[in-house]
Amino acid sequence: MEARAWIEVDLGALLHNLRLLKERARGEVIPVLKADAYGHGALPLARFLVRQGAGRLAVATLAEGRALRQGGVEGEILLLGSLHPLEAEEALRLGLVPTLSTLEAAQALAGRAKALGLVPRAHLKVDTGMNRVGFPWQEAREALRAVEALGVRVEGVYSHLATAGEEAGFVEVQRRRFQEVQRALGEGYFYHLENSHGLLLHGGENVRVGLGLYGLIPGFGLRPILRMLARPTLVKRLRPGDRVGYGGEYVARGGEWLATLPVGYADGLPRGAVAQVRGPEGILCPVAGRLSMDQTMVLLPRPVDLQATFEVLSPDFGPTGLLAWAQARGTIPYEVAVHLSRRLPRRYLLEGEVLEEVS
Ligand SMILES: *Cc1c(COP(=O)(O)O)cnc(C)c1O
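Since we're looking at a predicted model, the values are computed, not measured.

## Describing the domain arrangement of the protein chain
Here is step 1 of the chain: In terms of domain boundaries, the protein chain breaks down into domain 1 (10-209) and domain 2 (226-358).
Here is step 2 of the chain: The gap between the C-alpha centroids of domain 1 and domain 2 is 36 Å.
Here is step 3 of the chain: With 15 residues of domain 1 at the interface, the matching set in domain 2 holds 13 residues.
Here is step 4 of the chain: For the pair domain 1 and domain 2, the summed buried area comes to about 1,200 Å², and 59% of that belongs to carbon and sulfur atoms.
Here is step 5 of the chain: Across the domain 1-domain 2 interface, the total number found is two salt bridges.
Here is step 6 of the chain: Note that Asp36 is salt-bridged to Arg342, the shortest N-O span being 2.8 Å.
Here is step 7 of the chain: The tally of links between domain 1 and domain 2 comes to six residue pairs in polar contact (both at pLDDT 80 or more).
Here is step 8 of the chain: Going through the elements one at a time, α1 (11-24), α2 (34-38) and α3 (42-51) are the ones with two or more residues in the side of domain 1 that touches domain 2.

Quick look at the structure:
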């Protein structure tokens, strides 16, 4: 690519992950593309997944759903965030399927739909123990009746796990509650419960997957799909006592080679958590001193020219992978992923062929 720094997303790896998740689920696998597909680019991924036959996608917010529609993505888009009454009209106009957790939102949806001559469709969210959004599971039946009495067509009913990947005991509690909800509400609704960790660790029928789709869970054969690459803007040799970067934290012994890479924390590299990058021939190059907003200095065993390519973020679970960054930063991979740069050009590749470029 004619750029000094860019991101590559491997759609083949995305398909591999999707296939693997589908093999484990007994029902439908819903790709979750919220937060710009966890930093991977919602629109290109949505277009690709729809071409691959995905019948239903999920995002968190109305604006995310709008962006997909404006980008030409048709088909069913579920809004995972609980609908606010103020959003009812636009959700209807865009043909998005909102999530209802309150009667106020259901009333707004039904009212606006009537005024616009549209059918109000929705999924009902049931709270089985997370206490974030949803009608209390013990009252699911009354809630469903009340929402349907308003004229809303409830197509799906779902809940969300609070401790998947952390506490199996409470997952079981939530699963039992959700089964009771299913028994009380009966057939005719599309029920879905598990997220990636829920599916991978406990199995599931209809599931909503984000992190697993992006391959950011080790140990199940999933593969990270994103790489960040950069070419140096400057290569030089340090003299003894030279200090590098803000705070002058790295002090040279003298004689080491240094490359400046044009990516920094504004591109999603977590400050204080990127210890090394992969240089030419896969050599691990330590970061020298603090990385800055737009630039990062690394140490080289020997000089390279400005055409050399460095893999700043590699699609694996090693020391230059996203999980290593998250761990060093003391946070979860979700948080690191959603901060990946929007300003770097991106290439979406399938078997080495560029399917889409975003700059
Ligand atoms: C984000 C989200 C998911 C996906 O979770 P992962 O852990 O990334 O698989 C599923 N369901 C809801 C309601 C979510 O908000």
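On we go from here.
## Some thoughts on the site of the ligand
Here is step 1 of the chain: All residues adjacent to the ligand are Val32, Lys34, Tyr38, Leu80, His160, Asn195, Ser196, Arg208, Val209, Gly210, Leu211 and Tyr334.
Here is step 2 of the chain: At a separation of 2.5 Å, an oxygen atom of the ligand approaches a polar side-chain atom of Ser196.
Here is step 3 of the chain: Notes on the ligand: free accessible area 390 Å², of which the protein chains cover 94%.
Here is step 4 of the chain: Elements with a contribution of two residues or more to the shell around the ligand: α2 and β10 (207-209).
Here is step 5 of the chain: Broken down by class, the residue content of the shell around the ligand amounts to six nonpolar, four polar and two charged.

## A look at the sheet that holds strand β12 (residues 234-237)
Here is step 1 of the chain: The strand order across the open sheet formed by three strands is β12-β15-β18, and the pairing between neighbours is antiparallel. One side of each edge strand has no neighbouring strand; the edge strands of this open sheet are β12 and β18 (296-300). Here the strands of the sheet are splayed against their neighbours by 25° on average, with no regard to which way each runs.
Here is step 2 of the chain: Note: β12 against strand β15 (residues 257-261), four bridges, orientation antiparallel. Paired with Lys236 across the bridge in β15 is Leu258.

## Considerations on the packing of helix α7 (residues 140-149) against helix α8 (residues 168-185)
Here is step 1 of the chain: Running from N to C, α7 and α8 cross one another at 45°; their axes reach a closest spacing of 9 Å. Our classification of the angle between α7 and α8 gives oblique. With respect to the hand of their crossing, α7 and α8 are arranged in right-handed fashion. Between α7, through Ala140, Arg141 and Leu144, and α8, the contact on the second element is made entirely by Val181, Ala184 and Leu185.
Here is step 2 of the chain: A per-class count over the contact of α7 with α8 returns five nonpolar, no polar and one charged.

## Quick word on the pairing of strand β3 (residues 56-59)
Here is step 1 of the chain: Burial of the side chains of β3 extends over both faces: Arg56 and Ala58 are buried on one face and Leu57 and Val59 on the other.
Here is step 2 of the chain: As paired elements, β3 and strand β4 (residues 76-82) share four bridges and run parallel to each other. Residue Arg56 lies in a different strand from β4, and its bridge partner there is Glu76.
Here is step 3 of the chain: Where the polypeptide runs from β3 across helix α4 (residues 62-70) and back to β4, its parallel neighbour, the crossover connection is right-handed.

## Points about α8
Here is step 1 of the chain: With 18 residues, α8 extends 26 Å between its outermost C-alpha atoms, agreeing within 8% with the 26 Å of an ideal straight helix rising 1.5 Å per residue.
Here is step 2 of the chain: Among the residues of α8, those classed as buried are Val171, Gln174, Arg175, Phe178, Val181 and Leu185. Seen along its axis, α8 keeps its buried residues to an arc of 115°; they face one direction.
Here is step 3 of the chain: Two residues or fewer after α8 comes Gly186, characterised by a positive phi angle close to 80°.

## Topic: the pairing of β4
Here is step 1 of the chain: Of all seven residues in β4, five are buried; the element is thus mostly enclosed.
Here is step 2 of the chain: The pairing of β4 with strand β5 (residues 97-100) spans two bridges and is classified as parallel. For Leu78, the partnering residue across the bridge sits in β5 and is Val97.
Here is step 3 of the chain: Crossover connection from β4 via helix α5 (residues 88-94) to parallel β5: handedness right-handed.

## As for the nonpolar core
Here is step 1 of the chain: With 106 residues, the main nonpolar core has Leu33, Leu100 and Tyr214 as its most contacted residues.
Here is step 2 of the chain: Of the residues forming this core, the biggest block, seven residues, is contributed by α1.
Here is step 3 of the chain: Residue-level mapping places this core at the junction of two domains, with at least three residues from each of domain 1 (10-209) and domain 2 (226-358).
Here is step 4 of the chain: Tyr214 has contacts with Leu14, Asn17, Val32, Leu33, Ala37, Tyr38, His40, Leu45, Arg223, Pro224 and Ile225, leaving out every residue within four places of it along the chain.
Here is step 5 of the chain: Tyr250, Ala252, Leu258 and Leu299 belong to the second largest nonpolar core, which has eight residues in total.

Quick notes on the rules
Residues numbered from 1 in each chain as written. Predicted model: local features only at pLDDT ≥ 70, side-chain atom pairs only at ≥ 80, totals over all residues. Heavy atoms only, no water. Domains from an automatic or database assignment. Contact = heavy atoms within 4.5 Å. Buried area = accessible area lost by both parts, 1.4 Å probe. Salt bridge = Lys/Arg side-chain N within 4 Å of Asp/Glu carboxyl O. Polar contact = N/O pair within 3.5 Å; in protein donor to acceptor, adjacent residues only side chain to side chain. Helix = DSSP H or I, 4+ residues; strand = E, 2+ residues; numbered from the N terminus. Near = heavy atom within 4 Å. Areas by Shrake-Rupley, 256 points an atom, 1.4 Å probe, with all protein chains shown as cover. Nonpolar A, V, L, I, M, F, W, Y, C, P; charged D, E, K, R; others polar. Pairing = 2+ DSSP bridges. Axes fitted to C-alpha atoms, helices over the stretch in contact; angles between N-to-C directions. Parallel < 35°, antiparallel > 145°, perpendicular 65-115°, else oblique. Left-handed = near helix turned anticlockwise from the far one by under 90°. Buried < 20%, exposed > 50% of the residue type's maximum accessible area, 1.4 Å probe, protein only. Right-handed = clockwise from strand over helix to strand, strands pointing away. Expected span 1.5 Å × (residues − 1). Arc of directions from axis to C-beta. Core = buried A, V, L, I, M, F, W, Y, C linked by side-chain atoms within 4.5 Å.

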